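Structure at a glance
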Amino acid sequence: VSSSLLRVESRFDLTHGRISQTVNFIQDIVAVIFLLAVGAGSIGLDPIATKLGFGLMLLVLSIVVNRYIFVFLEWLSDESNELLIIGSISVLVIFIALSELFGISIVAGAFLAGLSIRNDKINNIELLDGIESIGDFFMALFFTTVGALVTVPFINMGTTESFEKIGLVIALVFISSIIKPIVLGA
């Protein structure tokens, strides 16, 4: 819903639309970094650095795919919009598989797959229209996947792991209820 409103807003007011798109993009990047850090499973520096390193490798791969491989994919599709859409979905599946292989969140892999698809509106308007037409399906799949990742931790009072979990919950509540409204209101 917010992305469709953002598209409408960017058409009516270009400056504010671009600012909104930039803010949403930065929020998405922060969310991916947060997902990678939380996916480490502990608060230690080594596991978090490992997950962030795998995420950085996938980011570099998505830039390479965007700059070089997607051009080859466009050439292979021979101006067939259906083949280009199937190729784009294949890129999504590959990034999700690599995320699973590296043990990072598949949500981060899906986001990085979205970065790897060319957003050249002049040459790929049919691709963007085709992807937009199946966007609702992927949106439902995305939120179902995020919901499947949520677990209710068992807290056994007296252990250090329990205090880490409680600290993480307090930090998440603080960020979502205090920090985010302040940032969005500024």
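Residues numbered from 1 in each chain as written. Predicted model: local features only at pLDDT ≥ 70, side-chain atom pairs only at ≥ 80, totals over all residues. Heavy atoms only, no water.

1. A short note on the layout of surface pockets
Empty space among the atoms becomes visible once a probe the size of a water molecule is rolled across them. Its boundaries defined by the atoms lining it, the second largest pocket holds a volume of some 200 Å³. If you trace the second largest pocket, you find it lined by Phe25, Ile29, Val32, Ile33, Leu36, Leu52, Gly55, Leu56, Leu59, Phe111, Leu112 and Leu115. Elements represented by at least two residues in the lining of the second largest pocket include exactly α2 (14-38), α3 (45-77) and α5 (106-116). For the lining of the second largest pocket, the element with the most residues is α2, which contributes five residues. Each residue belonging to the lining of the second largest pocket can be placed in one class, and the counts come to eleven nonpolar, one polar and no charged. (1 Å grid on protein atoms, 1.4 Å probe; cavity = no way out; pocket = protein on both sides within 12 Å on 5 of 7 lines; lining within 4 Å. Points joined across faces, edges and corners; volume = space filled by probe spheres on them. Helix = DSSP H or I, 4+ residues; strand = E, 2+ residues; numbered from the N terminus. Nonpolar A, V, L, I, M, F, W, Y, C, P; charged D, E, K, R; others polar.)

2. Considerations on α3
Of all the bends found along α3, the most pronounced is centred on Val65 and spans about 45°. Residues of α3 that are buried include every one of Lys51, Gly55, Leu58, Ser62, Val65, Asn66, Phe70, Leu73 and Ser77, and no others. Immediately beyond the C-terminal end of α3, within one or two residues, lies Asp78, with a positive phi of roughly 55°. (Bend = angle between axes of the 7 residues up to and from the residue. Buried < 20%, exposed > 50% of the residue type's maximum accessible area, 1.4 Å probe, protein only.)

3. Notes on the confidence of the model for the protein chain
Of all residues in the protein chain, 77% attain a pLDDT of 70 or more, and the chain-wide mean is 76. Looking over the protein chain, one finds the lowest element-wise mean pLDDT in helix α1 (residues 2-12), namely 52, and the highest in helix α4 (residues 81-102), namely 85. (pLDDT = per-residue confidence, 0-100.)

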